[in-house]
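Given next are the chains, with one letter for each unit.
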Amino acid sequence: MYVVTGATGQLGRLVVEGLLAAVPASEVAVAVRSAEKAADLAARGVTVRVVDYDKPETLAGAFAEGDKVLLISGSEVGHRIPQHRAVVEAARAAGVALLAYTGILGAATFRLADEHKATEELILASGLPHVFLRNGWYTENYLGDAAGTVARGVVLGSAGQGRIATAPRRDYADAAVAVLVAEGHQGKAYELSGDVAWSLPELAAELAAASGKPVEHRDVTAAEHLDALVGAGLPQGFAEVLVDVDAGIARGELAGTPGDLARLIGRPTVPLAESVRAALGA
């Protein structure tokens, strides 16, 4: 059985769709907090296992011997280490055949990377057969409000000329599916990123080209960036995380293009310009 945790999230749903295209639904299971949110998957023949990372006892029946499990990292920054530990311990107790984990690029040193690296250490210590999918940034991180960015006419950040090798979530999901359904990945750590790294000034230029409207890049200090994010309504803690990431981008920590993602999915990653046009409906 192929088991996907966090399967009702944005990445998780794409992984499940990819699995359903590759194997029978009877071979796919999801471990989710809400059965209601996974009702559409159950209707398609997917096994739904209700779990809560904060209640380790609920994970007792989540996995079975021989399962191949994808642990999609939790979304609750600051709580992920105990949550992930509960999943790892349940997987070890069940005797799963493979535990794949969606972490972060190995070059990342910003604070957001700490929990991912700690989780990798937990998995290594468990002795489980594993594979690390060290995901770079999703292009959608910058295009979730593409129309709003165009309307404001500004791409604001504190990353300077730092470059980011992004790819859409679907590319990362396809890589996860490839690792789960094929053999030969055990013990590997893949550095997953887009084929081409780009800068925030280039993002502004792509948005302008696709929309036909002026969009400029405005580089600000870390303090100014923080004030702008908080002023836009983001919680202080989350805003600080984003500013810290931009500092990492300025250091080149998300710019690597080793090609692992394209090799796993068997095609080039989707270029920024194509994603921009899709986000704007252009």
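A brief look at the structure comes next. It should be emphasised that the depicted structure is a prediction, and the values quoted were computed from it without experimental measurement.

1. A short note on the pattern of salt bridges
All told, the structure shown has 17 salt bridges when counted by the stated rule. In this structure, glutamate 115 and arginine 80 form a salt bridge, with 3.0 Å as the shortest nitrogen-oxygen distance. Remark: arginine 80 occurs in helix H3 (residues 80–94) and glutamate 115 occurs in helix H4 (residues 114–126); sequence separation between them is 35 residues. In this structure, glutamate 115 and arginine 80 share a single accessibility class: buried. Aspartate 174 is the partner of arginine 267 in a salt bridge, and the nearest nitrogen-oxygen pair spans 2.8 Å. One end of the pair, arginine 267, is in the loop between helix H11 (260–265) and helix H12 (272–280); the other, aspartate 174, is in helix H7 (residues 169–181), with 93 residues separating them in the sequence. Salt bridges here are not isolated pairs; linked through shared partners, they connect Arg33, Asp52 and Asp54.

2. Some points on the nonpolar core
Among the nonpolar cores identified, the biggest contains 37 residues, and Val4, Val15, Leu19, Val30, Leu70, Leu133 and Leu192 are the most heavily contacted of them. The greatest single-element share of this core, amounting to seven residues, is contributed by H7. Among residues more than four places away in sequence, those in contact with valine 30 are Val4, Ala7, Val16, Ala38, Leu41, Val46, Thr47, Val48 and Arg49. Ile104, Phe110, Val150 and Leu203 belong to the second-largest nonpolar core, a separate cluster that totals 26 residues.

3. A word on the sheet that holds strand S9 (residues 189–192)
On the basis of which strands lie adjacent, the open sheet formed by seven strands has the order S3-S2-S1-S4-S5-S6-S9 and parallel pairing. Bordering the open sheet on either side are strand S3 (47–50) and S9, each of which pairs with just one other strand. Here the average twist between neighbouring strands, direction ignored, is 20°. Judged from the four bridges that link them, strand S1 (residues 2–5) and strand S2 (residues 28–32) form a sheet pairing that is parallel. Counted as the bridge partner of valine 4 is valine 30 from S2. Packed on one face of the sheet, helix H1 (residues 10–22) meets S1, S2, strand S4 (68–72), strand S5 (98–104) and strand S6 (130–135) and runs near 165° to S1.

Calculation rules
All residue numbers here refer to positions counted from 1 along the written sequence of the relevant chain. Residue-level local features of this predicted model are given only where pLDDT is at least 70; pairs of side-chain atoms are given and counted only at 80 or more, and the full residue set underlies all totals for whole chains, interfaces and linings. To get the side-chain values, take all heavy atoms of the structure and skip hydrogens and water. Salt bridge, as applied in this entry: a Lys or Arg side-chain nitrogen positioned within 4 Å of an Asp or Glu carboxyl oxygen. Where helices and strands are cited, they refer to DSSP runs of H or I of at least four residues and of E of at least two residues respectively, numbered from the N terminus. For each residue, the accessible area found with a 1.4 Å probe, counting protein chains only, is set against the maximum for its type, and the residue is called buried under 20%, exposed over 50%, and partly exposed in between. For our purposes a nonpolar core is just a set of buried Ala, Val, Leu, Ile, Met, Phe, Trp, Tyr and Cys residues, chained together by side-chain atoms within 4.5 Å. In this description, contact between two residues means that some pair of their heavy atoms is separated by no more than 4.5 Å. What makes two strands pair is DSSP finding at least two bridges between them. Every angle, taken between N-to-C directions, lies between 0 and 180 degrees, and every axis is a line fitted to C-alpha atoms, over only the stretch in contact when it is a helix.

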